[in-house]
Amino acid sequence: MKRTVSGLSVIRAGRTVLYPTSLTIAAGERIGVVGASGSGKSTLGHALVDDLRQQGVRVAHVPQSPDEALDPLRSMAFHWNEATRALGLPQDKNLQQRLFKALKIDHGDLRKRPWGWSRGMQQRFVIAMAMIGAPDVLVMDEPTSALDPIVAVRTMVLLDEQLRGSSTAMLLITHDLGLAAQYVTRLLVMDGGRLVEDSPTRTLLEQPQSKTAKSLCAHRSWLSLPC
Ligand SMILES: Nc1ncnc2c1ncn2[C@@H]1O[C@H](COP(=O)(O)OP(=O)(O)OP(=O)(O)O)[C@@H](O)[C@H]1O
């Protein structure tokens, strides 16, 4: 099923930070959002989450840092139970174990608070929470930027395996074109609050059209040297 948002726009402090933007996302589609810092990637992600939720679409959001999702005073078990309850779902130990195993955090002690887990484990826990209700759309804002390169790659591989064959669409906001080249099939390029290019990943990386995309692709062949 396709999900459409039309004319999303955001004004902050009297300044337009997202100009009217429309998008259609197909079930299971993998989309990357790239662009310079401050170009409006996160703003687009948040506006998309709000609009889709208003339409009744089940959307999960993974922020850049696990600190934005986890309360340092609460146990990991508390977070898990709250996330499940918020979705109106029964506690399902089998699902929890399957997700934890897939994301390799099954050795984590749920009685501990976030700081009792490593950053990589915390972020994978947040990703697991986002997968609880098998969302229609998963918006991930630089989900691996807080992780060291090895854990970042492992996390993306695990996420890729977890999403493969599912109808969950993924919107991956990233600065890392190498990551995008590997894990998304369509790329959106943001510049100054505008969506300036929307193309299949290979087409964009081989034949960028906009000035922004050309400068992003200028220094490296992301398809032959993805990471
Ligand atoms: N709460 C806010 N108040 C005022 N301006 C804001 C606010 N949030 C974001 N902005 C501005 O909106 C613009 C887009 O910000 P946004 O965070 O979406 O960019 P981004 O492409 O995700 O950047 P980054 O890659 O650095 O995370 C920036 O110029 C930013 O300064």
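Residues numbered from 1 in each chain as written. Predicted model: local features only at pLDDT ≥ 70, side-chain atom pairs only at ≥ 80, totals over all residues.

## A word on the overall build of the protein chain
- Counting its regular elements, the protein chain contains eight helices and eight strands.
- In terms of overall dimensions, the protein chain is globule-like: its C-alpha atoms have a radius of gyration of 18 Å, near the 17 Å expected for 227 residues.
- A principal-axis box enclosing the C-alpha atoms of the protein chain has dimensions of 50 × 40 × 35 Å.
- Within the protein chain, buried positions represent 37% of all 227 residues. (Helix = DSSP H or I, 4+ residues; strand = E, 2+ residues; numbered from the N terminus. Rg over C-alpha atoms; globule rule 2.2 N^0.38 Å. Buried ≥ 20, exposed ≤ 12 C-beta atoms within 10 Å, placed from the backbone.)

## Focus on the site of the ligand
- Taken together, Arg12, Ala13, Val17, Gly35, Ser37, Gly38, Ser39, Gly40, Lys41, Ser42 and Thr43 make up all the residues around the ligand.
- The greatest single-element share of the shell around the ligand, amounting to three residues, is contributed by helix 1 (residues 41–54).
- Classifying every residue of the shell around the ligand by side-chain character gives two nonpolar, seven polar and two charged. (Near = placed C-beta within 6 Å. Nonpolar A, V, L, I, M, F, W, Y, C, P; charged D, E, K, R; others polar.)

## Remarks on the pairing of strand 5 (residues 137–141)
- Burial within strand 5 is extensive, with five of its five residues counted as buried.
- Here strand 5 shows no split at all, with Val137, Val139 and Asp141 on one side and Leu138 and Met140 on the other all buried.
- Note: strand 4 (residues 59–62) against strand 5, four bridges, orientation parallel. Within strand 5, the position partnered with valine 62 by the bridge is methionine 140.
- Pairing geometry for strand 5 and strand 6 (residues 169–173), over five bridges, is parallel. Counterpart to methionine 140 in the pairing with strand 6 is leucine 172.
- A crossover connection joins strand 5 to the parallel strand 6 through helix 5 (residues 149–163); in handedness this β-α-β unit is right-handed. (Pairing = 2+ DSSP bridges. Right-handed = clockwise from strand over helix to strand, strands pointing away.)

## Observations concerning the UniProt feature "domain: ABC transporter" (unreviewed entry) in the protein chain
- As recorded in UniProt, the feature "domain: ABC transporter" (unreviewed entry) lies at residues 3–217.
- Note that residues 3–217 is 38% helix and 25% strand, and that its end C-alpha atoms are spaced 29 Å apart. (UniProt positions renumbered as here; feature names shortened; annotations may be inferred.)

## Some remarks on unusual backbone geometry
- Positioned with a positive phi, lysine 104 is a non-glycine residue whose angle comes to about 55°.
- Looking at the secondary structure, you find lysine 104 in the loop between helix 3 (93–102) and helix 4 (119–130).
- One non-glycine residue with positive phi stands out, namely alanine 134, at about 45°.

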